[in-house]
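# Breakdown of the fold
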Amino acid sequence: SLLRWRADDGGAHVRSPGVLAADGRAHERDLSALRGARVLAAAGVGDPAAFAAQLAAAGAHVELARFADHHAYTDADAARLAERGARAGWVVTTLK
């Protein structure tokens, strides 16, 4: 599953984009859905560690994929994230 974290509400919810959701539809779940889960946190923001810490505080077991702020993702980046994400239960990104 791939989820996006919404910073606008303090990260209280995560949203999965429809094109990447397993059933082809967009879903919103409470952050507590990640409790105890293995999570790959992909972040191209100013403070990726803070993003990962918030997921960890929610009970997730986090592996951080750190990118520069406003990173322009490449096809190779996407392939590496997909490979790493396959080993985790969830891939979580910021909306940025």
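Residues take numbers from 1 onward in each chain, read along the sequence in its written order. In keeping with the model being predicted, local features are shown solely for residues with a pLDDT of at least 70 and side-chain atom pairs are shown and tallied solely at 80 or more, while totals for entire chains, interfaces and linings include all residues. As a convention, hydrogens and water are excluded, and side-chain values are obtained from all of the structure's heavy atoms.

## Comments concerning the overall build of the chain
The line we're drawing: Only runs of H or I of at least four residues qualify as helices and only runs of E of at least two qualify as strands under DSSP, and these elements are numbered from the N terminus. When a residue's accessible area, from a 1.4 Å probe over protein chains only, is under 20% of the maximum for its type it is buried; when over 50% it is exposed; and in between it is partly exposed. By the convention used here, residues are in contact when the closest approach between their heavy atoms is within 4.5 Å. Surface accessibility in these figures is a Shrake-Rupley result with a 1.4 Å probe; residues are shielded only by whichever protein chains are displayed.
Along the backbone of the chain there are 2 helices and 6 strands. The secondary structure elements of the chain, listed N-terminal to C-terminal, are β-β-β-β-α-β-α-β. Counting the 96 residues in the chain, one finds 38% classified as buried. Within the chain, contacts between residues separated by at least 24 positions form 47% of all contacts whose residues are at least 6 apart in sequence. Carbon and sulfur atoms provide 53% of the accessible area of the chain, an area that totals close to 5400 Å².

## Some remarks on the pairing of strand β6 (residues 90-94)
Which entries qualify depends on this criterion: At least two DSSP bridges between two strands are needed for those strands to be called paired.
The element β6 is largely enclosed, with a buried count of 5 among its 5 residues. Going residue by residue along β6, you find Trp-90, Val-92 and Thr-94 tucked away on one face and Val-91 and Thr-93 tucked away on the opposite face as well. By the bridge criterion, 4 bridges tie strand β4 (residues 38-43) to β6 in an arrangement that is parallel. Opposite Ala-42, over in β6, you have Thr-93 as the bridge partner.

## Describing the nonpolar core
Applied cut-off: Working definition of a nonpolar core: buried Ala, Val, Leu, Ile, Met, Phe, Trp, Tyr and Cys residues. They are joined through side-chain atoms within 4.5 Å.
Judged by nonpolar contacts, the single largest core of 13 residues is most densely connected at Leu-34, Val-39, Phe-51, Leu-55, Trp-90 and Val-92. Core analysis: the next-biggest nonpolar cluster, separate from the first, contains 7 residues, Leu-40, Ala-42, Ala-65 and Val-91 among them.

## Considering helix α1 (residues 48-57)
Note the cut-off: The directions considered for the arc are those from the helix axis to the C-beta atoms.
Within the span of α1, buried status applies to Pro-48, Phe-51, Ala-52 and Leu-55. One face of α1 carries all of its buried residues, which in axial projection span an arc of 95°. One or two residues past the end of α1 sits Gly-59, with phi positive at roughly 100°.

## Looking at the confidence of the model for the chain
We count it as follows: On a range of 0 to 100, pLDDT expresses the predictor's confidence in each residue.
When pLDDT is averaged along the chain, the result is 75, and 70% of the positions lie at 70 or above. Ranking the elements of the chain by mean pLDDT puts strand β2 (residues 13-16) last, at 45, and strand β5 (residues 61-66) first, at 95. The model gives residues 5-21 a pLDDT under 50, and that stretch makes 49 contacts with residues more than four places away or in other chains.

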